[in-house]
Amino acid sequence: MLKKLLIAFTMLFSLYYIFLFSHIAEGLTLIFKVIPMLLMIILATIQKPLHVRKYQLLIITGLIFCMIGDYTLQWFLVGLTSFLIGHIFYIAAFVTAHKQQVPAWAKLILLLYGAMMGIWLAGSVFQTGSTLLGIAVLAYIAIIFTMGWTAIQTGSKFATIGALLFIASDSYLAINKFVAPLAFSHEVIMLTYYSAQFLISLSILQYSETRSKVIQY
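K.L.:
Lay out helix α4 (residues 76-96) with the relevant residues and their values.
P.N.:
Taking 1.5 Å of rise per residue, 21 residues should cover 30 Å, and α4 covers 31 Å from first to last C-alpha, within 8% of that figure. Residues of α4 that are buried: Phe 76, Gly 79, Leu 80, Ser 82, Phe 83, Leu 84, Gly 86, His 87, Tyr 90, Ile 91, Ala 93 and Phe 94.

K.L.:
Summarise the nonpolar core; cite the residues concerned and give the values.
P.N.:
If you look at the biggest cluster of nonpolar residues, it comprises 62 residues, and the most contacted ones within it are Tyr 55, Ile 59, Tyr 90, Phe 94 and Phe 166. Looking at this core, the elements with two or more residues in it are α1 (2-19), α2 (29-46), α3 (53-72), α4, α5 (104-127), α6 (131-154), α7 (157-178) and α8 (185-216). The greatest single-element share of this core, amounting to eleven residues, is contributed by α6. Apart from the residues lying within four places of it in its own chain, the contact partners of Phe 166 are Cys 66, Phe 83, His 87, Tyr 90, Tyr 140, Ile 144, Met 147, Tyr 193, Ala 196, Gln 197 and Ile 200.

K.L.:
Go over unusual backbone geometry with me, naming the residues and quoting the values.
P.N.:
Most peptide bonds are trans, and most residues other than glycine sit at a negative phi. For Phe 184, which is not glycine, the phi torsion reads 50° and is therefore positive. Positionally, Phe 184 belongs in the loop between α7 and α8.

Thresholds applied
- Residues numbered from 1 in each chain as written.
- Predicted model: local features only at pLDDT ≥ 70, side-chain atom pairs only at ≥ 80, totals over all residues.
- Heavy atoms only, no water.
- Helix = DSSP H or I, 4+ residues; strand = E, 2+ residues; numbered from the N terminus.
- Expected span 1.5 Å × (residues − 1).
- Buried < 20%, exposed > 50% of the residue type's maximum accessible area, 1.4 Å probe, protein only.
- Core = buried A, V, L, I, M, F, W, Y, C linked by side-chain atoms within 4.5 Å.
- Contact = heavy atoms within 4.5 Å.

Structure below.
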């Protein structure tokens, strides 16, 4: 019952922040932004998975750092660093769930897209003279694509789709911030972002079920 309520409230607050953002009082926007993440952390914490406690703790820690990043993104480098740390914890979690190799076509897409985004986005930042920010953007791109790579290796649909949605969300955000304004940026960024985090949090139970079947056999 509690799990269903948390899922319902997570979706409700996420949709409210995404589509009714303009109706939130200015001083409360950051609070409403982190409420869905706080609910996802609680959802991830109350789950009682079998045989995957380490995976669960790493995902929860990643969620916490991402929530901190949500709030501190107003100081961009601080928020970016917090998200980067969150992705490192996701990578550590996905490595513990390593189950399969990344298909050749997926490797090619990730490498080409990652290289393109690195050249395009970091290049735009370096042109402004912001060397430190350019280096930070390159590091973040490397980490988030590594996160996507390791998510695919888990064989978990929730983890894989969540990681790819995270890449899509950050790609849209970065292009909107560093290259040119994009249409419906708030809606697209936050819808893909919340969906990504939600699926990653749900991957805990999915991985638990997979591990339980393996151990039974």
